[in-house]
Amino acid sequence: MSDVPGPLIASGRSADIYDIGGGRVVRRRRNGPVSDDEVLAMRAASVAGIPVPHVFAVDGADMVMQHLDGRSMLDELGRRPWRAAHLGRQLADLHLALRAVPAPDGLRGSGTTLVHGDLHPGNVLMSADGPVIIDWGGASAGAPDEDAAEMWLLAEVAEVDDLSPLMRPVVGIVRRRMLAAFIERVGRPSPTTLARVCDDRLGDPNTRPGERDRIRRLRP
Ligand SMILES: Nc1ncnc2c1ncn2[C@@H]1O[C@H](COP(=O)(O)OP(=O)(O)O)[C@@H](O)[C@H]1O
Ligand SMILES: [Mg+2]
């Protein structure tokens with residue numbers, strides 16, 4: 001499939017999503033094929049009762065999956081900021097459910113737990129049937145609190161430079177309220193996991209200079 005398969009409905013950091021009708025979308029990765037790990041992780045999550053989109057087929061960089069209606073949890077946070085604490089608890093519940101799932105055989109990584117790798121509010125879609133976790137390209141076998149540590153770090157250091165300077169403190173307050181509710185429910189990550197996650201972010205070329213400084217200050 002090299003032609004555009006249908007109307008573009010969303011573009012994320014790593015993929016474009018096209019509506020192909022019949023309740024299905026194609027998620028087309030811009031850099032390389034869908035990995036076996038991504039498919040393996042989604043299957044393991046689904047079998048364990050974690051809400052993920054149903055996958056119909058995989059072909060090179062394309063994943064054909066169930067079309068989910070509903071905005072992301074991040075958009076919901078922007079539109080209804082007074083729900084920040086509630087959303088934080090919902091996100092915490094997803095983390096807690098996921099940390100009980102053993103990593104499937106053959107998944108990359110050296111831990112025992114299924115780790116999503118990028119479980120932030122932008123990767124949760126609020127469907128009519130409840131929140132659904134998308135974007136499994138970074139999944140691995142890791143430590144149970146790895147996703148929580150990532151989320152904690154992201155909320156602490158991510159820059160909100162897509163907004164006017166006037167809005168930034170407001171977004172900061174809403175994010176902190178969500179994070180507080182999240183941490184209250186899942187607990188703080190262990191220093192070992194936090195240090196590992198900090199090092200991963202520092203090794204990521206997409207991490208910005210300002211974020212790097214803050215990560216270095218937070219690293220245990
Ligand atoms: N199954 C789906 N149904 C409907 N929209 C989706 C689906 N999967 C992804 N999207 C939309 O595409 C966006 C980006 O998808 P995502 O898998 O997170 O890719 P990226 O790695 O580029 O962030 C999501 O925020 C969402 O708006
Ligand atoms: Mg995403």
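Since this is a predicted model, take the numbers as computed values, not measurements.

> Where do I start with the site of ligand 1 in this structure?
With respect to spatial proximity, 18 residues lie near ligand 1, and among them A10, G12, S14, L68 and D135 are the closest. Of all the secondary structure elements, the ones that give two or more residues to the shell around ligand 1 are β2 (15-21), β3 (24-29) and β5 (62-66). Class assignment for the residues of the shell around ligand 1 results in 8 nonpolar, 7 polar and 3 charged. Looking at which domains feed residues into the shell around ligand 1, each of domain 1 (8-66) and domain 2 (73-218) supplies at least three.

> Sorry, what's going on with the domain arrangement of the protein chain here?
One widely used convention gives an interface's size as the accessible area the parts lose upon coming together. Domain boundaries assigned for the protein chain yield domain 1 (8-66) and domain 2 (73-218). For domain 1 versus domain 2, the separation of C-alpha centres amounts to 20 Å.

> I keep staring at unusual backbone geometry and nothing clicks. Help me out?
Peptide bonds are trans in most cases, and residues, glycine excluded, mostly fall at negative phi. At D135, a position not held by glycine, the phi torsion is positive, near 65 degrees. Within the secondary structure, D135 is located in the loop between β8 (130-133) and β9 (140-142).

> Just checking my understanding: could you explain the sheet that holds β2 for this structure?
Hydrogen bonds between backbone atoms are what pair the strands of a sheet, whose relative direction is either parallel or antiparallel. Strand order in the open sheet formed by 5 strands is β1-β2-β3-β5-β4, with antiparallel pairing between adjacent strands. Each edge of the open sheet carries a strand with a single partner, namely β1 (8-11) and β4 (55-59). Averaged over all pairs of adjacent strands, the angle between their axes in this sheet comes to 20 degrees, without regard to strand direction. Across 4 bridges, β4 lies against β5 in antiparallel orientation. The residue of β5 that forms the bridge with V58 is M63.

> Sorry, what's going on with the packing of helix α3 (residues 84-98) against helix α5 (residues 168-186) here?
If you want to describe how two helices pack, look at the angle between their axes and the distance between the axes. Axis separation between α3 and α5 bottoms out at 7 Å; the angle between their running directions is 40 degrees. Compared by their axis directions, α3 and α5 come out oblique. In this structure, the crossing between α3 and α5 has a hand that is right-handed. Taking contact as the criterion, the partners of A84, A85, L87, G88, R89, L91, A92, H95 and L96 in α3 are, on α5, V174, R177, M178, L179, A180, A181, F182, R185 and V186. Residue classes in the contact of α3 with α5 are distributed as 13 nonpolar, 2 polar and 3 charged.

> Looking at this structure, I do not really get the pairing of β8. What am I missing?
Successive residues of a regular strand alternate their side chains across the two faces of the sheet. Summarising the sheet, strand β7 (residues 124-127) and β8 pair through 4 bridges and their orientation is antiparallel. Its bridge partner being in β8, V124 is matched across the sheet by I133. Following β7, the chain reverses through 2 residues before pairing antiparallel with β8.

> In this structure, what is going on with α5? I would like to understand it.
Owing to its 3.6 residues per turn, the α-helix brings residues three or four apart onto one side. Here α5 spans 26 Å end to end across 19 residues, near enough to the 27 Å set by a 1.5 Å rise per residue. Along α5, the positions that sit buried rather than exposed are R175, M178, F182 and V186. One side of α5 holds all its buried residues, which, seen down the axis, span an arc of 65 degrees. Summarising the geometry of α5, the exposed residues directed more than 90 degrees from the buried face are P169, V170, G172 and I173. Buried residues along α5 sit in contact with α2 (73-79), α3 and α4 (146-157). A positive backbone phi angle near 85 degrees is found at G187, which sits one or two residues after α5.

> Can you walk me through the packing of α4 against helix α7 (residues 209-218) in this structure?
Between α4 and α7, the least distance of the axes is 10 Å, while the angle of their chain directions is 125 degrees. Taken together, α4 and α7 sit at an angle that is classed as oblique. Crossing hand, α4 versus α7: right-handed. In this structure, α4 contributes L153, E156 and V157 to the contact, and α7 contributes E211, R214, I215 and L218.

> I'm lost on the environment of V39 in this one. Help?
Inspection of the secondary structure assignment puts V39 in helix α1 (residues 36-47). Here V39 falls in the partly exposed class, since 15 other C-beta atoms lie within 10 Å of it. Along the primary structure V39 and A139 are separated by 100 residues, whereas in three dimensions their C-alpha atoms are 9.4 Å apart. Among residues more than four places away in sequence, those in contact with V39 are V34, V55 and V58.

Scoring rules and cut-offs
Residues numbered from 1 in each chain as written. Chains lettered and ligands numbered in written order. Predicted model: local features only at pLDDT ≥ 70, side-chain atom pairs only at ≥ 80, totals over all residues. Near = placed C-beta within 6 Å. Helix = DSSP H or I, 4+ residues; strand = E, 2+ residues; numbered from the N terminus. Nonpolar A, V, L, I, M, F, W, Y, C, P; charged D, E, K, R; others polar. Domains from an automatic or database assignment. Pairing = 2+ DSSP bridges. Axes fitted to C-alpha atoms, helices over the stretch in contact; angles between N-to-C directions. Parallel < 35°, antiparallel > 145°, perpendicular 65-115°, else oblique. Left-handed = near helix turned anticlockwise from the far one by under 90°. Contact = placed C-beta atoms within 7 Å. Expected span 1.5 Å × (residues − 1). Buried ≥ 20, exposed ≤ 12 C-beta atoms within 10 Å, placed from the backbone. Arc of directions from axis to C-beta.

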